[in-house]
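Descriptive analysis of the structure
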There are 2 protein chains.
Amino acid sequence: MSRRFSGLSRRHFMGAALAGAAFGLIPAESAGANDGDDPLPSWAKGESKQAILDFVARVTDEEGKDFVDEEDRIAVFDNDGTLWAEQPIYFQFAFAIDRVKAMAAQHPDWQTTEPFKSVLTDNVPGILAAGHRGLLEILAATHSGITTAEFAKTVDEWFATAKHPRFDRPYTDLVYQPMIELLNYLRASGFKTFIVSGGGIEFMRQFTEKSYGIPPEQVVGSSGVTKYQMGPDNKPVLIKEAKVEFIDDGPGKPVGINRFIGRQPIFAFGNSDGDKEMLEWTAAASGPSFMGLVHHTDAVREWAYDRNSDIGRLDKAWDEAVARGWTVVDMKNDWAKVFPFDT
Amino acid sequence: MSRRFSGLSRRHFMGAALAGAAFGLIPAESAGANDGDDPLPSWAKGESKQAILDFVARVTDEEGKDFVDEEDRIAVFDNDGTLWAEQPIYFQFAFAIDRVKAMAAQHPDWQTTEPFKSVLTDNVPGILAAGHRGLLEILAATHSGITTAEFAKTVDEWFATAKHPRFDRPYTDLVYQPMIELLNYLRASGFKTFIVSGGGIEFMRQFTEKSYGIPPEQVVGSSGVTKYQMGPDNKPVLIKEAKVEFIDDGPGKPVGINRFIGRQPIFAFGNSDGDKEMLEWTAAASGPSFMGLVHHTDAVREWAYDRNSDIGRLDKAWDEAVARGWTVVDMKNDWAKVFPFDT
């Protein structure tokens, strides 16, 4: 897979500039990509950007009281609505819809059973009403009886051919440039970056390394049960069963973090109420910690939605962020650029 | 935590020598720790050692047909009996026994209920009969209702005070020196090393980084259910519930590898029938792969056991290894040194 965003190679590249920043030889605003360059060029000058730069400078300053050992610099990111777009429906929904439609002929019962009925009739509100659990039901049903390798292949084929309805581009084009810069900046500062998302773990793993520089083993997500068995050619396979195993959303996120990572993060970014407990868990770290939320405020370049949205509802987590002084990113004003293709 | 065995620092140290080996400038036998040094000094000259050196040389030779990209160099290791000793009982059993005895007064029913009855009466065969599942039952029961942080503390305290009955040393002294050298050699050769063990994930994570240089996020193991909730001081906690979540043993190992790592390993080491499916899964990798078993043949320095042992039984996996030409390490003859404290 692509090493384009590899933390290791980036670290070698940026190490010197960041060490300089840590010791105040270079102002934090300009530490990063290379000598004197801004590590977050797509972030507009402002409170959000400054809060990130200040936090990273604090925890990497070996002389400071807030210094954090490199192995404890764990950063966790939600995916949908935090690292890439999630409108008009979660991208994994779009994938699932295409799969359901392709398999409908063999499943006549789907015509009358939710959430399949809504999928087959393009009833978007009906699909949304099923939420993350509905998505997992659809995934489990549409993927039961196939191997993990076969599933990976269908995901790759979909990403290679499917286009986003509004932008008429591959879905992987809709990643947020400012967040990619943030991921690179954190890795260059000795952080280990993880995805902790309600999305399906095997779906995400097909693009996270190429798109974000996050390898499969640093992706935490929802999952279905898999079963080991000998294949026809006496080669072992893992069969995906029609059973939900784990929902990595809400209170499930700290549980998933503990299970997969085994350390408490000191840096977390989300965008919805499903990230509330992950942010609370990060805020409970013994040392300094950074909690951030992406607030979708830009209907022109992306979308504007929060308290009343079926997708990525930001309500309780927003109130808690304001009350506790967490960073709330105003997409419209804090991001000079949203997508890599924006000019 | 200790960076003593850190792959990164080791890589900087050994990089040059290994690059040399990869291009044949230095014979593989002598590539490693530093210019011309043997990377596996505790391994006796022989087939097992040579098989390891040859495999690593092959997959790291950028000019060769068997070259494997660094991000795909995934190595998985069983823990009990593979990286440290497991006699006279699994070390986690010893920890569990101490916990059960300490809590017995509050659980009168344990006097008559297995596996607790056997634990309280020091009935070792009775305990062993319960196997890994029995151990997990004991762990779940003895640790339910406490937080993950409280559990970590009890494990740390136990390692700091408990002594192995035969060697009268801390249990963490009973790691295998040849395997520590192998872990360091693999990391220095661009491999990412993981533990995939039937042992409890939160128990292992308290010592794997210090003892093996394997961080918590690269430990896959059996686990109990944890629940997120607000603590008394309004600080969130994860409560360990009395419910087994996942048994990372036998067919569970490929499942755990897929869930936590998301890539197929190309290098795997185990020592018992519980590792059979993990080795088969590794052997099914699309490219070259290495499968190894530690055969306990040294009753003097360690222990001698295989087909008829209740702990770490090596029977079916041994037959398959012989039939398929996997590497079977003869501890007595292949290891010049077993424990770090051996002279």
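Residues numbered from 1 in each chain as written. Chains lettered and ligands numbered in written order. Predicted model: local features only at pLDDT ≥ 70, side-chain atom pairs only at ≥ 80, totals over all residues. Heavy atoms only, no water.

**Here's the deal with the interface of chain A and chain B**
This is how it is decided: Any two residues having at least one pair of non-hydrogen atoms within 4.5 Å are treated as being in contact. Once two parts are joined, some of their accessible surface, as seen by a 1.4 Å probe, is lost; buried area is that loss totalled over both. We count a salt bridge whenever a side-chain nitrogen from Lys or Arg sits within 4 Å of a carboxyl oxygen from Asp or Glu. Think of a polar contact as two N or O atoms within 3.5 Å of one another; within protein, one of them needs to be a possible hydrogen donor and the other a possible acceptor, and neighboring residues in sequence only count if both atoms come from side chains. Helix and strand assignments come from DSSP, with helices taken as H or I runs of at least 4 residues and strands as E runs of at least 2, each series counted from the N terminus.
Every contact between the two is made by 38 residues of chain A and, on the other side, 38 residues of chain B. At the boundary of chain A with chain B, total buried surface from both sides reaches about 3500 Å², with 50% on carbon and sulfur atoms. The largest contributions to the chain A side of the interface with chain B come from Glu217, Tyr228 and Arg259 of chain A, which together make up 19% of the buried area. At the surface where chain A touches chain B, the tally comes to 8 salt bridges. The residue Glu245 of chain A makes a salt bridge to Arg259 of chain B at a minimum N-O spacing of 2.1 Å. Linking chain A to chain B there are 24 residue pairs in polar contact (both at pLDDT 80 or more). Elements with a contribution of two residues or more to the side of chain A that touches chain B: helix 1 (7-22), strand 3 (192-200), helix 8 (201-204), strand 4 (219-230), strand 5 (236-246), helix 10 (252-260) and helix 11 (276-283) of chain A. Ranked by residue count, the leading element in the side of chain A that touches chain B is helix 10 of chain A, at 5 residues.

**Quick word on the relation of the copies chain A and chain B**
Two copies of the chain are present, and they differ by a rotation about an axis and a shift along that axis. To keep things clear, this is the line we draw: Superposition of the copies was done by least squares, using only C-alpha atoms of residues whose pLDDT is at least 70 in both.
Of the transformation placing chain A onto chain B, the axial shift is 0.0 Å and the rotation is 180°, giving an RMSD of 0.0 Å. A rotation of that kind, with that shift, is consistent with a two-fold axis. In terms of C-alpha distance to the rotation axis, chain A has Phe260 of chain A as its closest residue, with the C-alpha 3.3 Å off the axis. Here 100% of the contact residues of chain A are again contact residues in chain B; the copies associate through an equivalent surface.

**Considerations on the pattern of salt bridges**
Put simply, the rule reads: Relative accessibility thresholds used throughout: buried, under 20% of the residue-type maximum; exposed, over 50%; partly exposed, between the two (1.4 Å probe, protein chains only).
Across all of its chains, the model carries 42 salt bridges over all chains by this definition. Where Asp66 of chain A meets Lys65 of chain A, a salt bridge forms, and the shortest distance between an N and an O atom there is 3.1 Å. Asp66 of chain A sits in the buried class, given a relative accessible area of 15%. For Glu280 of chain A, the salt bridge is made with Lys276 of chain A, and the minimal N-O distance between the two is 3.0 Å. In this pair, Glu280 of chain A and Lys276 of chain A both sit in helix 11, 4 residues apart, roughly one turn of the helix. Overlapping salt bridges bring together Asp72, Lys192 and Arg263 of chain A together with Glu209 and Glu217 of chain B as one network.

**Here's the deal with helix 3 (residues 91-103) of chain A**
Residue and element names in this part refer to chain A. Threshold: To estimate the expected span of a helix, count its residues, drop one, and scale the result by 1.5 Å.
Taking 1.5 Å as the rise per residue, helix 3 with 13 residues should run 18 Å; its terminal C-alpha atoms sit 19 Å apart, in good agreement. Of all the positions in helix 3, only Phe91, Gln92, Phe93, Ala94, Phe95, Ala96, Ile97, Val100 and Met103 are classed as buried. Elements in contact with the buried residues of helix 3: helix 4 (116-120), helix 5 (124-143), helix 6 (148-161), strand 3 and helix 8.

**Concerning the environment of Thr147 of chain B**
All names here are of chain B. Relative to the assigned elements, Thr147 resides in strand 2 (residues 146-147). In this structure, the C-alpha to C-alpha distance between Thr147 and Lys240, residues 93 residues apart in sequence, is 5.8 Å. Beyond its immediate stretch of four places on either side in the chain, Thr147 contacts Val237, Leu238, Ile239 and Lys240.

**Some points on the pairing of strand 6 (residues 267-270) of chain A**
Regular strands have side chains that alternate between both faces of the sheet. All names here are of chain A. Basically, it comes down to this: By definition, two strands form a pair when at least two bridges between them are found by DSSP.
Along strand 6, one buried face is formed by Phe267 and Phe269 and the opposite face, lined by Ala268 and Gly270, is buried too. Relative to strand 6, strand 1 (residues 74-77) runs parallel, the two being bridged by 3 bridges. In the sheet register, Phe77 faces strand 6, and the bridge partner there is Phe269. With 4 bridges joining them, strand 6 and strand 7 (residues 290-297) adopt parallel strand pairing.

**Topic: the confidence of the model for chain A**
All names here are of chain A. Note the cut-off: The predictor reports its confidence for every residue as pLDDT, a score running from 0 up to 100.
Overall, the predicted model of chain A reaches an average pLDDT of 88, with 90% of residues at or above 70. Counting contacts from residues 1-35, a segment whose pLDDT is below 50, to residues more than four positions away or on other chains yields 75 contacts. The ipTM assigned to the predicted complex is 0.85, against a pTM of 0.87.

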